[in-house]
Amino acid sequence: MTPAELSEALRAVLTSAVEDGTLPVPADALPATVTVERPRSREHGDWATNVAMQLAKKAGMPPRALAEALAARLGEVPGVAKVDVAGPGFLNITLDTAAAGGLARTVVEAGERYGRSEALAGQRINLEFVSANPTGPLHIGGVRWAAVGDSLARMLEASGADVAREYYFNDHGAQIDRFARSLLARAKGEDAPEDGYGGQYIADIAAQVLADAAAAGEPDPLSLPDDGAQEAFRARGVELMFAEIKQALHDFRVDFDVYFHEDSLHRSGAVEKAIARLRELGHVFEADGAIWLRTTDFGDDRDRVIVRSDGMPAYIAGDLAYYLDKRERGFDRVVIMLGADHHGYIGRMMAMCAAFGDTPGVNLEILIGQLVNLVRDGEPLRMSKRAGTIVTIDDLVGAVGVDAARYALARSSADQSIDLDLDLLSRSTNENPVFYVQYAHARTANVARNAGDLGVRREDGFDPSVLDHVSESTLLAKIGEFPRVVAQAAELREPHRVARHLEEVAGAYHKWYDQRRVTPFGDEDVTDTHRTRLWLNDATRQVLANGLGLLGVTAPERM
RNA sequence: GCCCCCGUAGCUCAGUGGAUAGAGCAUCGGACUUCUAAUCCGCAGGUCGCAGGUUCGAAUCCUGCCGGGGGCGCCA
C-alpha cells in the first residue's frame, strides 16, 4: 500500500463519517488530499496524519475524541493492522507487513512512471533561466541556474505540466557594443577599452573572426573603417560566443526549447506594441522628455522610464514586450529565474505584470537564487570579466564532471548562497554526495545481476510478508514518499528536495543491504524470500534511477 | 536610508505550524574467507542569532534588534 493509497482510504473514511453524522462538518470542509507522513519515531507506526487536529475546531470536537472516532473506522480498512491515537490527536497507523511490502511490486511495475503525476496537468509553463549575455563564456553563477532550472523543468514535466525551457539572448544594447569594441581593440593589438572585456577568450574570438573572414574570402575586417570593423566583430563575435555557450550547456545536458533574441523584439515592433498597449490601459505618462510606466500604481517603489529622453527604449522596454510575447504564445505561467543581484527587478516586473491586467505571482513568478561564491585556500576569489579571471562552466565540468557539478549545484536550496572550494573540486575527492547516491544505484544493479546469475527471478514469486525487518520498513517508506517529494518539489519550485530525498533513499538502501541478503548462499535453494527481496532491490533501483534522471545525473550500472 | 537572502552540531547544510530538531563530512571506537567497505554499526556533539508576539502546538508565521552576504541608474 502506498501512502497515496492510504491517503485515499483516509479520505473515504472521513467522507463516510460526514455522511452518517459522526463528523459534524460540511463535506467541503474536508481537505482535498489528506496528508500522510512518515513519523519521526519508529514507535509511532508506519504512517501518521494530523487530520483530526485540523478538523477538530470545525467539528467542535476535542481532537482526541475525533481521532478516536476515525481510528475505529480506519482499523477496518484492508491492509491496516493497527491505528493508535497519540499525543494531541495524531492518528498513528501501522500497516500489515504484506500490505506495506506490496509497494515494492507497485514501484517495479510502474517503472519509469513511478514518481510522475498529473498534479500540474493543464498548466503551460514558460521557464526562463540562464539567459547570460553573450559577452563571455558562461560563468559559475549561470551554471547554477542551468543545473537548477533544467532539473526544475524535468520535475514540472514529471508533474504533468507542459514546459518550455527558454533562454533570453541579450544581443542588443550597450554591453554588446562594449564586447565588439573589445574584440576590435584586441585584433588591433591594443588594450581592452576602459569599460570593455578582457581575458584570453577575447583574443581567441578576435582571431577566429579574422580567420573566418579570410577563409570566406571576405575583406579583412581590420581594413574596414572603424564602424564597419566594429560591426563585423560584433556580428561574428556574438555568433561565436553564443555557439560556445550553447555547446557548453548542451554538454551539461541542458538544451533549451527556445533561444529568444532580444534584438528581434526591437526589430519586429513588439516593443512599440507593448508600450502602446500600456498606453491604452492608461499606465503611461511623459515627464522630463522621457516616457514612463506608472509602476507605483502596482506596488513598485518608484516609476520606471521605458523610453529614454534620447528616444532609445530603456532595457525594461524589452522585458515588457518579452513578457507579452510569452503570454501571447499561450503560456499561462511565466517563470523567470534570476540571480540575487537582480532581485531589485521583482517590484517593477510584478508591477508590469499587473499593469497588463495579469496576476503577479500566478501569471508571473520570479525565482531569486542566491549567488555562488568561489573559494580557494579558504580565501574568497574575486571574479572579473574585464580582467578575465572568471571560472567558466568548462572549468567546473573539467574539474569534477557533469554529474558531480549538476548534483552539487542542485542539491542546495536556491535561497542559500553556496561556496564552492576550487581546490576541493579540482581534487575531485569522494566528499561529494552524488557518489553516495550513484554508488547505491550501482549496488542495486550489481545485486540484480548476481541474483539473475543465481536463478532468482521476480516473476517466480512475491511474498511481501517476508519484508519484516525494520530496515525494510524504512526503505519502503522512503520509496513510498518519492512521488510526493517530486510533486512538492515541482509545486514549490525547489528541485533540491529531490536530491535530498535520494540521499535518504540511498542511505536506507545501504543499511538494508547490510542487514538482508538478496542472493542465496552457496547451494541454498532459491525461495520467495530471495525473490521478494529482489523486488525491493529493483524498486529501489527504479526510484534512484528516476530521481537521478530528474536531476540530469547519470545512474551508473557499475562503479 | 530602503529592499532581498542567510544565521540550526566543530564544518557544509536539510527541515513550506506538529510528537524526543536530522543528514553528510570531520573526530573517536568497531564490522570485510560468501551480493561492491565509495558501505554499515556505535560514541560524542544543540540557548535552532537575541527578545517579544500569534495558538492547543513555533526552527517554521508576525514585529523589533544583532551579525554575514547581495541589491537599490533616463546602465544593460
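Whatever comes next refers back to the structure up there.
Reading the values: rules and limits
Residues numbered from 1 in each chain as written. Chains lettered and ligands numbered in written order. Predicted model: local features only at pLDDT ≥ 70, side-chain atom pairs only at ≥ 80, totals over all residues. Heavy atoms only, no water. Salt bridge = Lys/Arg side-chain N within 4 Å of Asp/Glu carboxyl O. Helix = DSSP H or I, 4+ residues; strand = E, 2+ residues; numbered from the N terminus. Buried < 20%, exposed > 50% of the residue type's maximum accessible area, 1.4 Å probe, protein only. Right-handed = clockwise from strand over helix to strand, strands pointing away. Pairing = 2+ DSSP bridges. Axes fitted to C-alpha atoms, helices over the stretch in contact; angles between N-to-C directions. Parallel < 35°, antiparallel > 145°, perpendicular 65-115°, else oblique. Left-handed = near helix turned anticlockwise from the far one by under 90°. Contact = heavy atoms within 4.5 Å. Nonpolar A, V, L, I, M, F, W, Y, C, P; charged D, E, K, R; others polar. Patch = residues over 30% accessible without salt bridge, like charges linked within 9 Å, V, L, I, M, F, W, Y side chains within 5 Å. Areas by Shrake-Rupley, 256 points an atom, 1.4 Å probe, with all protein chains shown as cover. Lys, Arg positive; Asp, Glu negative; His and termini not counted. Charge placed at Lys NZ, Arg CZ, Asp CG, Glu CD. Polar contact = N/O pair within 3.5 Å; in protein donor to acceptor, adjacent residues only side chain to side chain.

If you walk through the whole model with that rule in mind, you get 38 salt bridges. Here R105 and E109 are joined by a salt bridge, their closest N and O atoms 3.1 Å apart. Here R105 pairs with E109, and both are found in helix α4 (residues 97–110), just 4 residues apart, close to one helical turn. On the accessibility criterion, E109 (52% relative accessible area) is exposed. For the salt bridge of R236 with E239, the shortest nitrogen-to-oxygen distance reads 2.7 Å.

Time to look at the pairing of strand β5 (residues 162–169). Of all 8 residues in β5, 7 are buried; the element is thus mostly enclosed. In terms of handedness, the path from strand β4 (residues 124–128) via helix α5 (residues 140–158) over to β5 forms a crossover that is right-handed. Alignment of β5 against strand β6 (residues 258–261), held across 4 bridges, turns out to be parallel. Among the inter-strand pairings, Y168 is bridged to a residue of β6, identified as F260.

Relative orientation of the contacting elements helix α11 (residues 315–328) and helix α12 (residues 345–355) amounts to 45°, with a least axis distance of 11 Å. With respect to α12, the element α11 is oriented oblique. Considering how the two elements wind past one another, α11 and α12 form a crossing that is right-handed. Facing I316, D319, L320 and Y323 of α11, the residues of α12 in contact are R348, M349, M352 and C353. Looking at the contact of α11 with α12 residue by residue, the classes come out as 6 nonpolar, no polar and 2 charged.

With that out of the way, let us pick up a negative patch on the surface. There is a patch of like negative charges on the surface, built from D204, E244, D251, D394 and D395. Take E244: it is sitting in helix α8 (residues 226–251). Judged by its relative accessible area of 35%, E244 is partly exposed.

Below, the discussion takes up the side chain of R533. For R533, the location among the structural elements is in helix α18 (residues 528–550). The class of R533 is buried, set by a relative accessible area of 13%. Within polar-contact distance, the side chain of R533 engages the backbone oxygen of R517 at 2.8 Å.

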